[in-house]
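# Coordinate inspection notes
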Amino acid sequence: MSANRWLDRTLRIVDDGPEPFYRAAVTSLAVTSMLAMAIAALIRPQGPLPQTQRQMMAVALMGAGLSAVLGLASRAGAGRSRSGTWLDRVAPPRDRAAIWLALAAWFPFLLVVVYYRAKATFPPPVRYVYFPYDDKRWETTAYLLGVLAPAIWLTTAARVLAVGRCHPRTWRAWGAGLFPRIAVADPGLPAGAVRVR
């Protein structure tokens, strides 16, 4: 498939509203949950499965179950009209599309937290005299992904969709639309003219 056909197909998805991005978020949650269970099962110290890994697998299993419920709910309501629903009063379709797209991109990054949490169950690499070694990489990662990443992903998703709704002619134009040039006044130009840089 050529680049132009991929672009046209992507623009049609953007115009379809929040539904395709909802399905993408549900799929992303399901795949992330399955991979999290695999990471928790494979990255562990020798011997019986530690309590930490069992807890991570239980949370991942709940995530997979939630994705299945959301997927079934989406299929059950597929034939009904979406206009004027209570969800539209809570958040407009454009906002929901950005939220679902941001979630679809954010879920896989949670695997980094799962990996570091699983690595923290290994015996410490060094022994300290005054205080025990505590691997806190997973806590730092969880904080960054839980506080900073959602805001960044949501802002980026909203900008991507806003540019996509203007129907750029090429992928390059879409990318350029994400970072618009700044127009500044130039004293050497006639009054009212601006120079774009």
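None of these values were measured; they are calculated from a predicted model.

We now examine the overall build of the chain. Counting its secondary structure elements, the chain contains eight helices and two strands. Helices (α) and strands (β) of the chain occur, in sequence order from the N terminus, as α-α-α-α-α-α-α-α-β-β. The proportion of buried residues among the 197 residues of the chain is 27%. Here the analysis covers contacts within the chain between residues at least 6 apart in sequence; of these, 66% occur between residues at least 24 apart. Of the roughly 13,600 Å² of accessible surface on the chain, 65% is carried by carbon and sulfur atoms.

Attention shifts here to the side chain of Gln53. With respect to the helices, strands and loops of the structure, Gln53 is situated in helix 3 (residues 51-76). Separated by 3.0 Å, the side chains of Gln53 and Thr121 make a polar contact. Those residues in contact with Gln53 that lie beyond four places of it in its chain are Ala40, Ile43, Arg44, Pro45, Ala118 and Thr121.

For Leu161, the position within the fold is in helix 7 (residues 137-164). Classification of Leu161 by relative accessible area gives buried; the value is 2%. C-alpha of Leu161 to C-alpha of Ala98: the two residues are 63 residues apart in sequence and 7.0 Å apart in space.

This part takes up the packing of aromatic side chains. The final tally for this structure, using the stated rule, is five aromatic pairs. Note on Trp106 and Phe107: the rings are 5.8 Å apart at their centroids and 45 degrees apart in plane angle, and the pair reads as tilted. According to the relative accessible area criterion, Trp106 is buried, its value standing at 17%. Under the relative-accessibility criterion, Phe107 is labelled buried at 13%. It is Arg117 that lies over the ring of Trp138; its NZ or CZ is 4.4 Å from the centre. The ring of Phe122 has Lys119 lying over it, and the distance from NZ or CZ to the ring centre is 5.1 Å.

What follows covers the packing of helix 7 against helix 8 (residues 171-178). Running from N to C, helix 7 and helix 8 cross one another at 130 degrees; their axes reach a closest spacing of 9 Å. If you check the angle between helix 7 and helix 8, you find them oblique. With respect to the hand of their crossing, helix 7 and helix 8 are arranged in right-handed fashion. Counted together, Arg159, Val160, Val163 and Gly164 of helix 7 and Trp174, Gly177 and Leu178 of helix 8 form the full contact between these two elements. Of the residues contributing to the contact of helix 7 with helix 8, the split by class is four nonpolar, two polar and one charged.

So, about helix 3. For an α-helix, 3.6 residues make a turn, and residues three or four places apart therefore share a direction. The end-to-end C-alpha distance of helix 3 is 37 Å, a good match for the 38 Å that 26 residues give at a rise of 1.5 Å each. Among the residues of helix 3, Thr52, Gln53, Met56, Ala60, Gly63, Ala64, Ser67 and Ser74 are the ones counted as buried. Tucked into the core, helix 3 has its buried residues touching helix 2 (18-42) and helix 6 (110-119).

A few words on the environment of Val14. Along the chain, Val14 falls in helix 1 (residues 3-15). Overall, Val14 belongs to the buried group, its relative accessible area being 6%. Taking the C-alpha atoms as reference, Val14 lies 9.1 Å from Ala162; in sequence the two are 148 residues apart. For Val14, the residues in contact, after removing those within four places along its chain, are Phe21, Leu161, Gly164, Arg165 and Trp174.

Cut-offs and rules
Each chain has its residues counted from 1, running along the sequence as written. Predicted model: local features are reported for residues with pLDDT of at least 70 only, side-chain atom pairs are reported and counted for 80 or more only, and whole-chain, interface and lining totals are derived from all residues. Side-chain measures were taken over the full set of non-hydrogen atoms in the model, leaving aside hydrogen atoms and water. Put simply, DSSP H or I for four residues or longer makes a helix, DSSP E for two residues or longer makes a strand, and each gets a number counted from the N terminus. Relative accessible area decides the class of each residue, using a 1.4 Å probe on protein chains only: under 20% of the type maximum gives buried, over 50% gives exposed, and in between gives partly exposed. Contacts are assigned to residue pairs with any non-hydrogen atoms lying within 4.5 Å of each other. For the area figures, the Shrake-Rupley method with a 1.4 Å probe applies, and any residue is considered shielded solely by the protein chains shown. Any N or O atom pair separated by 3.5 Å or less is treated as a polar contact, with the protein-specific requirement of one donor-capable and one acceptor-capable atom, and with residues adjacent in sequence counted only for side-chain atom pairs. When two rings of Phe, Tyr or Trp (its six-membered ring) have centres within 6.5 Å they constitute a pair, described as stacked for plane angles under 30 degrees, edge-to-face for angles over 60, and tilted for the intermediate range. Charges are assigned to positions over rings by a cutoff of 6 Å between ring centre and Lys NZ or Arg CZ, combined with an angular limit of 35 degrees from the ring normal. Fitted lines through C-alpha atoms give the axes, limited to the stretch in contact for helices. The angle between two N-to-C directions lies from 0 to 180 degrees. For classification purposes, an angle smaller than 35 degrees is called roughly parallel, one larger than 145 roughly antiparallel, one from 65 to 115 roughly perpendicular, and anything else oblique. The hand of a helix crossing depends on one turn: near helix anticlockwise from the far one by less than a right angle means left-handed, and clockwise means right-handed. Three classes are used, and their members are as follows: Ala, Val, Leu, Ile, Met, Phe, Trp, Tyr, Cys and Pro are nonpolar, Asp, Glu, Lys and Arg are charged, and the others, Gly among them, are polar. In this analysis, the expected span of each helix is defined as 1.5 Å times one less than the number of residues it contains.

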